[in-house]
Amino acid sequence: MKDQFQSGPLHGKVNNKEERFSSSGFILAAIGSAVGLGNMWKFPYITGQYGGAAFFMLFVICLLLVGLPVLLAELTVGRGGRGNASTSLIRLSGRKLWGGFGFITILGAFVILSFYAVVAGWTLHYAMLSFTGKLFEHKDYALLFSNFNASWMPVFWQFIVMLLTGFVIIRGVSAGIEKFNKILIPGLVILLLVLCVRALSLEGAGEGVAFFLKPDFSKLSAESALVALGHAFFSLSLGMGAIMTYGAYVDKRQSLGLATLAIGIGDLAYAFLAGLIIFPTTFVYGLEASQGPGLVFVALPAAFSAMPLGAIFGGLFFVLLAFAALTSMISLLEVPVAFVREAFGWSRKFSVVLLTLLCFLVGLPSALSLGDKAPWLTFGGKSFFDWMDFVCSNIVLPLGGLVVTLFVGYAWKGAAEEAGLSTWWLRLWMFMLRYVAPILVLLVFLYSSGILTF
Ligand code: PFF
C-alpha cells in the first residue's frame, strides 16, 4: 500500500519530517498518553472499592485480552488512514458513516480534555502548596480542598495547564509532542521510583502492599469486571481518537505489534508502581484507600503532612501527577487539532491557539461546578464536572472503542496487511476483535451508562 504521508490531506500540506514520530518518540508519546491521572487518581480508589489485589488482576486480564487488541486496532487504523480520527475511517472504508462515528470520538477527546485540565490544574496547585509548606498549615484537608474549589484558583490553574499543552502542540509532532514526551517520561519514571522507595520504606508499609497484592476473590463481582474493563480502556486512552491520531504519525517500518506491547507494559508498570505508592502510604497513616476521587487530594496530603520530609515528597508526588496529566492532555488536544487542520485547512498554529482557548472556555463550567459559586451547575444529583466525566468515560469511550473494534474486525479488509502480524497473532487478534471485545465492550457500555444494573 502506498504511504500516504505525502499524499494524505493532513500531511500533504506539511509534507515533511516534522509531522512524524521517530520510533522511540512514538512509543514514549503513546505511553505518555496512556499514563495519566487515571492511573493515580482513579485507579487506586476503584481498586480499593472493588476488591484490592483481585481487582488489579482483573484489570491486568482486561488490559491484555481486550485493551491491547483494541489499542493495536486504533494504531492500525491511524497508520493505514494517515488522517484524523474521522477521515482515517472514511478513507479506509470509503464510507462517510464511519467518519461520523469517528467524529464522536473527536468530540469526546475535546470534552474529556476540558475537565481533565481542571484536575491537572489541581495537581499544580497542590505541588506549589506542598513545596512551600503551606499545605501542612492546615489540618482539615477536606475543608482545604472544598475552599480551594470555592475560589477562582482552579480556573487559574486550568488556564495554565491548557496553555502548557497548547505550547507543546503548537511546535508540531516531532519538535513538540515527541520532544516533550522524551523529557517528561524519564522525569516521570525517576519521580515514580523515588516515591515508591519512600512509600515502601515507611514503617508498616507491608499491610498496604498485602492489600494491593494478596487477592481475595470473594470480593469480586460482575460489576468489578465491568469497572476493570472500563478502566483498562480509559487507562490505555482508547475510544477517544487519541491513539488513532498518534498512529497517523507513525512510520511504516515500525512494528505496531511490538509498540502495542510496549505501551501496554508501560501503562501496567506505572499502575503497579502507583499502587505501591498509594496503598502503603494510605495504610500506614490509617486512611481509607476506597474513599473516592478525594483520595489523592484529601487523604494523601494528610499522609504527607505526617511523613518526615513530607513537603518534598508531597511536592514531588503532585509534580509526578502533573507530568502524567500533561502528556495525556497533549494527546487529547492533538485529536481535534488534527481534525480542524484537515477539515478546514487551517495552520497548526491557528488551530492550536483556537482550540486551546475554546477548550479552556468549555472547561469553565466544569471547574466552577465544584465550588459553591454556581449551584445551578449541579443538576440531576451530579455536578457539571461529574456529568462530563460520566458522559465521556462511560458512554463515548466504550462506544468509540466499539466503533474501532467493529471497523477493524468486520469492515476494513486491509487491516491484516497494515498490522503486519504473523499468522498466529493475526488470528488471535481478529478473534478478539470479532467475538470477544465487541461483546465485552457492549456490556461495559450498558453497565456504565446505567442501562444494565446489578
Ligand atoms: N489514559 C489517560 C489516563 O489514564 O489518565 C486518560 C486518557 C487520555 C483517556 C487520552 C483517553 C485519551 F484519549
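Everything numeric in this text was worked out from a predicted model, so none of it was measured.

Cut-offs and rules
- Sequence positions are assigned chain by chain, starting from 1 and proceeding in written order.
- In view of the model being predicted, local features appear only for residues whose pLDDT reaches at least 70, and side-chain atom pairs are presented and counted only at 80 or more, with totals across whole chains, interfaces and linings using the full set of residues.
- Note that water and hydrogens are dropped before the side-chain values are worked out from all heavy atoms of the structure.
- Residues are counted as near a molecule or strand when any one of their heavy atoms sits within 4 Å of it.
- N or O atoms within 3.5 Å of each other form a polar contact, as long as, within protein, one can give a hydrogen and the other can take it, and as long as residues adjacent in sequence are counted only when both atoms are side-chain atoms.
- All accessible areas in this document rest on Shrake-Rupley with a 1.4 Å probe, and a residue is counted as covered only by the protein chains that are shown.
- Using protein atoms alone on a 1 Å grid, points that fit a 1.4 Å probe yet trap it form a cavity, whereas open point sets bounded by protein on both sides within 12 Å along at least five of seven lines form a pocket; residues with an atom within 4 Å of a point count as lining.
- Being in a pocket or cavity means that more than half of the molecule's atoms lie within 2 Å of its grid points.
- Only runs of H or I of at least four residues qualify as helices and only runs of E of at least two qualify as strands under DSSP, and these elements are numbered from the N terminus.
- The nonpolar class holds Ala, Val, Leu, Ile, Met, Phe, Trp, Tyr, Cys and Pro. Asp, Glu, Lys and Arg form the charged class, and all remaining residues, Gly among them, are polar.
- To qualify as a nonpolar core, a set must consist of buried Ala, Val, Leu, Ile, Met, Phe, Trp, Tyr and Cys residues joined through side-chain atoms within 4.5 Å.
- For every residue, the accessible area obtained with a 1.4 Å probe (protein chains only) is divided by the maximum for its type, and the residue is called buried under 20%, exposed over 50%, and partly exposed between those limits.
- Working rule for contacts: check all heavy atoms of both residues, and any pair within 4.5 Å makes them a contact.
- Salt bridges are identified by distance alone: a Lys or Arg side-chain nitrogen within 4 Å of an Asp or Glu carboxyl oxygen.
- pLDDT is a per-residue confidence score from the predictor, ranging from 0 to 100.
- Any residue with relative accessible area above 30% and no salt bridge may belong to a patch, with like charges joined within 9 Å and the nonpolar Val, Leu, Ile, Met, Phe, Trp and Tyr side chains within 5 Å.
- Grid points are joined across faces, edges and corners, and a volume is the space filled by probe spheres set on the points.
- Think of it this way: a Phe, Tyr or Trp ring, Trp meaning its six-membered ring, pairs with another when their centres are within 6.5 Å, and the plane angle makes it stacked under 30 degrees, edge-to-face over 60, tilted otherwise.
- Criterion for a charge above a ring: Arg CZ or Lys NZ at most 6 Å from the ring centre, at most 35 degrees from the ring normal.

A. A look at the site of the ligand. Lining the immediate environment of the ligand, one finds 15 residues, of which Ala-34, Gly-38, Tyr-116, Phe-234 and Ser-237 sit closest. Between Ser-33 and the ligand, the recorded distance is 3.2 Å, taken from a backbone N or O atom to a nitrogen atom. Contact distances for the ligand include 2.7 Å between an oxygen atom and a backbone N or O atom of Gly-38. In the complex, the protein chains occlude 100% of the 340 Å² of accessible area that the ligand would expose alone. Spatially, the ligand is embedded in the largest cavity. Among the elements of the structure, helix H2 (23–34), helix H3 (37–50), helix H11 (222–235) and helix H15 (310–344) are those that each provide at least two residues to the shell around the ligand. Tallied by class, the residues present in the shell around the ligand amount to 7 nonpolar, 8 polar and no charged.

B. Inspection of the side chain of Thr-123 at higher detail. Position of Thr-123 relative to the elements: it lies in helix H6 (residues 96–131). In this structure the side chain of Thr-123 is engaged in a polar contact, spanning 2.5 Å, whose partner is the backbone oxygen of Ala-120.

C. Representation of the nonpolar core within the structure. With 157 residues, the main nonpolar core has Phe-26, Met-40, Phe-317, Val-408 and Trp-429 as its most contacted residues. Here this core takes 17 residues from H15, the largest share from any one element. Beyond its immediate sequence surroundings of up to four residues, Trp-429 is in contact with Pro-69, Leu-72, Ala-73, Thr-76, Val-408, Ala-415, Ala-419 and Leu-421.

D. Quick look at the pattern of salt bridges. Applying the stated criterion to the full structure yields 10 salt bridges. The partner of Glu-19 in a salt bridge is Arg-341, and the shortest N-O contact between them spans 3.1 Å. Here Glu-19, found in the loop between helix H1 (9–12) and H2, pairs with Arg-341, found in helix H15; they are 322 residues apart in sequence, far enough to count as distant. Here Asp-389 ties to Lys-42 by a salt bridge, and the two come within 3.3 Å at their closest N and O atoms. Here Lys-42 lies in helix H3 and Asp-389 lies in helix H17 (residues 384–411), a separation of 347 residues in the sequence. Considered together, Asp-389 and Lys-42 belong to a single accessibility category, that of buried residues.

E. Spotlight on the confidence of the model for the protein. Residues with a pLDDT of 70 or more make up 96% of the protein, whose mean pLDDT is 91. Note that pLDDT drops below 50 for residues 11–15; the model gives that stretch 14 contacts with residues more than four away or on any other chain.

F. Representation of a nonpolar patch on the surface within the structure. Side chains of Leu-406, Tyr-410, Phe-431 and Tyr-435 sit close together on the surface and give an oily, nonpolar patch of about 400 Å² of accessible area. Broken down by secondary-structure element, the contributors of at least two residues to the nonpolar patch are H17 and helix H19 (423–448). Looking at where Leu-406 falls in the secondary structure, it is placed in helix H17. Assessed through its relative accessible area of 32%, Leu-406 is described here as partly exposed.

G. Up close: empty space enclosed by the protein. Taken as a whole and assessed by the stated rule, the structure comprises 2 cavities of 30 Å³ or more. Roughly 140 Å³ of volume is contained in the largest cavity. The wall of the largest cavity is formed by 17 residues, among which Ser-33, Tyr-116, Phe-234, Ser-237 and Leu-332 lie closest to the centre. Elements with a minimum of two residues in the lining of the largest cavity: H2, H3, H6, H11 and H15. The leading source of residues in the lining of the largest cavity is H15, at 3 residues. Looking at the lining of the largest cavity, its residues break down into 9 nonpolar, 8 polar and no charged. Looking at the second largest cavity, its volume works out to about 40 Å³.

H. Representation of the packing of aromatic side chains within the structure. Throughout the structure, instances matching the rule amount to 40 aromatic pairs. Their ring planes at 65 degrees and their centres at 4.9 Å tell us that Phe-159 and Phe-360 sit as a pair that is edge-to-face. Taken as a pair, Phe-159 in helix H8 (residues 153–169) and Phe-360 in helix H16 (residues 348–368) lie far apart in primary sequence, 201 residues in all. Judged by its relative accessible area of 13%, Phe-360 falls in the buried class. Taken together, the ring pairs connect Phe-115, Trp-122, Tyr-126, Phe-145, Phe-148, Phe-297, Phe-304, Phe-317, Phe-318 and Phe-385 into an aromatic cluster. Sitting over the ring of Trp-387, Lys-382 keeps its end group 5.5 Å from the ring centre. Above the ring of Tyr-410, the side-chain terminus of Arg-434 is found at 5.9 Å from the ring centroid.

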